[in-house]
Amino acid sequence: MKTKIKYILALVIGSQLLNSCKKDLDVNFQERVLVDNYYKTPADALAALISVYDRFGYQDGGLYDKVAIMDVAGDDQLAGGGSATDINALQVISNYTLTPAIGPQTYLWNKGYAGIYRANILLSRIDAISMDATLKARYTSEAKTLRALFYFDLVRFFKNIPLLTAEVPVSEMYNVTQVPQEDVYAFIEKELVAAIPGLPNTVPAATEGGRLTKGAAQALLGKVYMWEKKYQLAADQFAIVNGPTPGQANPTYGYKLLPNFADLWKVPNKFNSESILEIVHTGASLGNWNDAGATEGNLLNIITGPRGYNPNAAAPDYYSGYSFLVFTKAFFDFIHFDPRNGATVANLDSLEKNYIIGNYDGNGPAGSGNKRPGYTPGYNNTGYFLGKFIARQSNKTTIGTNFDLNFSQDIYEIRLADTYLLEAESIMNATPGAVGTGSRAYQLLNAVRARVGLNPVAVTQDNIEKERRLELAGEGHRWLDLIRWGKAATVLASKGFVAGKNEIFPIPINELNNTKLLQSKEWGGTK
């Protein structure tokens with residue numbers, strides 16, 4: 001994980017010892033410690049736990065992550081980049097031409113099961129370690145919560161997955177089979193309910209920022225219940241997270257909406273009052289192009305920046321990037337007059353037309369032929385970039401020279417505005433008659449709107465959908481929301497989405513070779 005646990009930022013033991021690849025278990029390479037000879041001390045347990053967190057923040061060496069995949073799968077963003085094949089894993093999900101052999105599914109599958117593998121090893125061995133009981137309970141709860149999070153992603157993305165709750169012997173690794181998705185959800189629920197009591201209410205941001213808390217696990221459990229349409233159970237969990245009075249600080253956990261929406265995207269605002277769970281990045285990892293996926297920097301920052309950005313002194317200090325995840329014109333029109341527009345969308349065409357970027361030979365008006373473009377249009381260019389995550393010159397690392405791979409902006413996995421809107425939605429579905437003016441659901445929805453100066457609206461499905469689209473744009477929620485609402489086939493038809501197929505990803509083709517795993521029937525298989 002890109003964590004601030006100061007003792008082991010480099011993740012040396014975690015990354016060397018607990019590699020998820022099957023073949024690493026039978027070979028004792030020089031300087032590799034066998035698993036059975038490890039897990040003797042509290043320090044060993046902490047290192048192993050960090051290795052599980054590491055998979056939570058894992059990014060693909062092809063310069064993308066879960067947020068990028070979810071963004072381009074939705075209707076509001078296009079892959080962009082330099083060409084129709086640039087970061088092809090994003091292109092094929094953006095236009096729904098992925099196949100079991102081509103697409104981002106291998107990254108999603110490997111990320112999840114590597115994390116589960118590491119969690120299973122730690123959980124099977126931590127009882128034998130002599131250490132403080134409260135600390136042991138906390139590590140156990142963190143590992144269980146992370147394992148639940150990995151399974152939640154996997155079951156949503158693939159539906160038909162193996163459920164591995166303990167170490168799998170090498171001799172059995174090719175014999176695992178898939179289970180009904182209901183079994184996976186039942187396990188996730190049980191896992192989180194068991195884990196929550198062992199987690200702290202809060203953590204010190206300076207030394208433990210990014211580690212799990214009760215609120216994070218409860219918010220995750222609420223999301224699980226939402227996917228299962230257990231709306232009252234979801235509302236109960238979100239109520240604990242959101243606190244007794246919407247718009248005011250949670251007296252137990254301290255969560256509170258930031259007064260200024262734009263402040264959410266300022267790099268120094270890590271672990272702010274609105275953050276429930278975030279993936280932590282750093283500019284100090286010295287990540288390099290030999291293995292871009294191993295960097296601790298935020299890869300969204302570099303891939304979302306405009307190509308060939310050419311500012312003047314009055315322009316935003318964007319760092320030139322690769323022009324991925326561009327917003328569509330339709331989305332820009334949707335958010336244009338919303339107060340969140342400026343912090344969400346970087347309108348490069350507007351900057352160019354208003355002489356804020358670009359070099360000029362004279363003072364003629366835009367379009368007079370005497371200006372050089374202020375950025376280089378990429379593939380799918382619309383001029384509307386993901387402003388929440390574009391890297392800034394002011395955020396360049398001061399350690400090393402690989403600036404592209406080492407930006408330090410964190411990514412919210414869960415933030416309070418998300419859980420406010422989810423609680424309002426869950427109440428609306430659980431008790432439709434309890435959403436009138438002044439109700440809790442009404443207060444939750446409109447606290448998010450009031451933060452940006454908008455007037456109250458009624459609690460309706462349409463208003464909640466609009467608010468989530470505006471508030472959470474570019475943060476990896478839109479596609480999952482459309483799937484959960486059953487609207488993906490209609491909304492995404494123009495991008496090539498096929499109903500009854502593209503609601504899930506295909507099982508990666510390599511996972512089917514010489515194993516008992518079966519391809520999902522949605523993708524031509526028998527499972």
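Residues numbered from 1 in each chain as written. Predicted model: local features only at pLDDT ≥ 70, side-chain atom pairs only at ≥ 80, totals over all residues. Heavy atoms only, no water.

Concerning the overall build of the protein
Secondary structure summary: the protein contains 20 helices and ten strands in total. Considering the protein as a whole, with its 527 residues, one finds that 58% of them fall into the buried category. Of the contacts made within the protein by residues no fewer than 6 positions apart, 71% connect residues no fewer than 24 positions apart. Only carbon and sulfur atoms are counted for the fraction: they give 53% of the accessible area of the protein, which is about 20300 Å². (Helix = DSSP H or I, 4+ residues; strand = E, 2+ residues; numbered from the N terminus. Buried < 20%, exposed > 50% of the residue type's maximum accessible area, 1.4 Å probe, protein only. Contact = heavy atoms within 4.5 Å. Areas by Shrake-Rupley, 256 points an atom, 1.4 Å probe, with all protein chains shown as cover.)

Considerations on the packing of helix H2 (residues 42-56) against helix H6 (residues 133-158)
Axis separation between H2 and H6 bottoms out at 10 Å; the angle between their running directions is 20 degrees. Here H2 is positioned roughly parallel relative to H6, judged by the angle of their axes. Both H2 and H6 take part in a crossing whose hand is left-handed. Within the contact between the two elements, H2 uses Pro42, Ala45, Leu46, Leu49, Val52, Tyr53, Arg55 and Phe56 and H6 uses Tyr139, Glu142, Ala143, Leu146, Leu149 and Phe150. Looking at the contact of H2 with H6 residue by residue, the class counts come to twelve nonpolar, no polar and two charged. (Axes fitted to C-alpha atoms, helices over the stretch in contact; angles between N-to-C directions. Parallel < 35°, antiparallel > 145°, perpendicular 65-115°, else oblique. Left-handed = near helix turned anticlockwise from the far one by under 90°. Nonpolar A, V, L, I, M, F, W, Y, C, P; charged D, E, K, R; others polar.)

What about the packing of aromatic side chains?
Evaluated as defined, the whole model comprises 20 aromatic pairs. Ring geometry for Phe157 against Phe505: centres 5.9 Å apart, planes inclined by 85 degrees, an arrangement best described as edge-to-face. In this pair, Phe157 is assigned in helix H6 and Phe505 in the loop between helix H19 (488-491) and helix H20 (509-512), connecting sequence segments 348 residues apart. Since its relative accessible area comes to 2%, Phe157 is described here as buried. Taking the relative accessible area as the measure of exposure, Phe505 reaches 1% and is therefore buried. Aromatic pair Trp479 and Phe505: ring centres 5.7 Å apart, planes at 50 degrees, arrangement tilted. Of this pair, Trp479 sits in helix H18 (residues 478-485) while Phe505 sits in the loop between H19 and H20, and the two are 26 residues apart along the sequence. The rings of Trp109, Tyr113, Tyr151, Phe157, Phe158, Phe187, Trp479 and Phe505 are connected pair by pair, giving a single aromatic cluster. Of note, Arg55 hangs over the ring of Tyr58, and the distance from its end group to the ring centre comes to 4.0 Å. (Phe/Tyr/Trp six-rings, centres within 6.5 Å; stacked < 30°, edge-to-face > 60°. Lys NZ or Arg CZ within 6 Å of the ring centre and 35° of its normal.)

Section: the packing of helix H7 (residues 181-195) against helix H9 (residues 214-227)
Taken N-terminus to C-terminus, the directions of H7 and H9 make an angle of 155 degrees; their axes are 10 Å apart at the nearest point. As far as their axial angle goes, H9 and H7 are roughly antiparallel. Seen from above, H7 lies across H9 with left-handed handedness. In this structure, H7 contributes Tyr185, Ile188, Glu189, Leu192 and Val193 to the contact, and H9 contributes Ala217, Leu220, Leu221, Val224, Tyr225 and Trp227. Its residues assigned to classes, the contact of H7 with H9 comprises ten nonpolar, no polar and one charged.

Considerations on the confidence of the model for the protein
Low-pLDDT portions of the prediction should not be read for the details of their coordinates. Considering every residue of the protein, the mean pLDDT works out to 91; 90% of them sit at 70 or more. In the predicted structure, residues 1-31 sits below a pLDDT of 50 and forms 79 contacts with residues beyond four places in sequence or in another chain. Contacts of residues 361-371 to residues separated by more than four positions or lying in other chains number 18 contacts, the stretch itself having pLDDT below 50. (pLDDT = per-residue confidence, 0-100.)

Concerning the pairing of strand S10 (residues 411-415)
A large share of S10 lies buried, amounting to five of its five residues. Across four bridges, strand S4 (residues 275-279) lies against S10 in antiparallel orientation. Paired with Ile279 across the strands is Ile411, a residue of S10. (Pairing = 2+ DSSP bridges.)

Here's the deal with the pattern of salt bridges
A complete count under the given rule lists 40 salt bridges for this structure. Its salt-bridge partner being Asp86, residue Arg307 comes within 3.0 Å of it at the nearest N-O pair. Here Arg307, found in the loop between helix H11 (299-303) and strand S5 (324-327), pairs with Asp86, found in the loop between strand S1 (77-80) and helix H4 (88-94); they are 221 residues apart in sequence, far enough to count as distant. On the basis of relative accessibility, which here comes to 23%, the residue Arg307 falls in the partly exposed class. Asp86 sits in the partly exposed class, given a relative accessible area of 23%. For Asp418, the salt bridge goes to Lys223, with nearest N and O atoms at 2.5 Å. Here Asp418, found in helix H15 (residues 416-430), pairs with Lys223, found in helix H9; they are 195 residues apart in sequence, far enough to count as distant. Note on accessibility: Asp418 and Lys223 belong to one class, buried. (Salt bridge = Lys/Arg side-chain N within 4 Å of Asp/Glu carboxyl O.)

Overview of the environment of Leu63
One can find Leu63 in the loop between H2 and helix H3 (66-73). The residues contacting Leu63, other than those within four sequence positions of it, are Ile87, Trp289, Ala292, Leu299, Ile303, Tyr322 and Leu405.

What to know about the environment of Leu163
In this structure, Leu163 sits in the loop between strand S2 (161-162) and strand S3 (178-179). For Leu163, a relative accessible area of 22% gives the class partly exposed. The spacing of Leu163 and Gln178 is 15 residues in sequence and 6.9 Å in space, taken between C-alpha atoms. Beyond its immediate chain neighbours, meaning those up to four positions away, Leu163 contacts Tyr151, Thr177, Val179, Asp183 and Phe187.

Things to note about H2
Counted at 1.5 Å a residue, the expected span for H2 with its 15 residues is 21 Å, and the 22 Å between its end C-alpha atoms agrees. Counting buried positions along H2 yields 13 of 15 residues, so the element is predominantly enclosed. (Expected span 1.5 Å × (residues − 1).)

A look at the nonpolar core
Core analysis: the biggest nonpolar cluster contains 146 residues, and Leu90, Ile303, Trp479 and Phe505 have the highest contact counts within it. Looking at this core element by element, the count peaks at twelve residues for H6. Not counting residues up to four positions away in its chain, the partners in contact with Phe505 are Ile69, Met70, Ile93, Leu98, Pro104, Gln105, Leu108, Phe157, Phe158, Trp479 and Trp523. Grouped together as the second largest cluster of nonpolar side chains are ten residues, Tyr309, Tyr318, Ala346 and Phe385 included. (Core = buried A, V, L, I, M, F, W, Y, C linked by side-chain atoms within 4.5 Å.)

What to know about the side chain of Gln105
Looking at the secondary structure, you find Gln105 in helix H5 (residues 105-125). Of the polar contacts made by the side chain of Gln105, one reaches the backbone oxygen of Thr99; its length is 2.7 Å. There is a polar contact of 3.3 Å between the side chain of Gln105 and the backbone oxygen of Pro100. Sequence-distant contacts of Gln105, defined by excluding residues within four places in its chain, comprise Leu98, Thr99, Pro100, Phe158, Phe505, Pro506 and Pro508. (Polar contact = N/O pair within 3.5 Å; in protein donor to acceptor, adjacent residues only side chain to side chain.)

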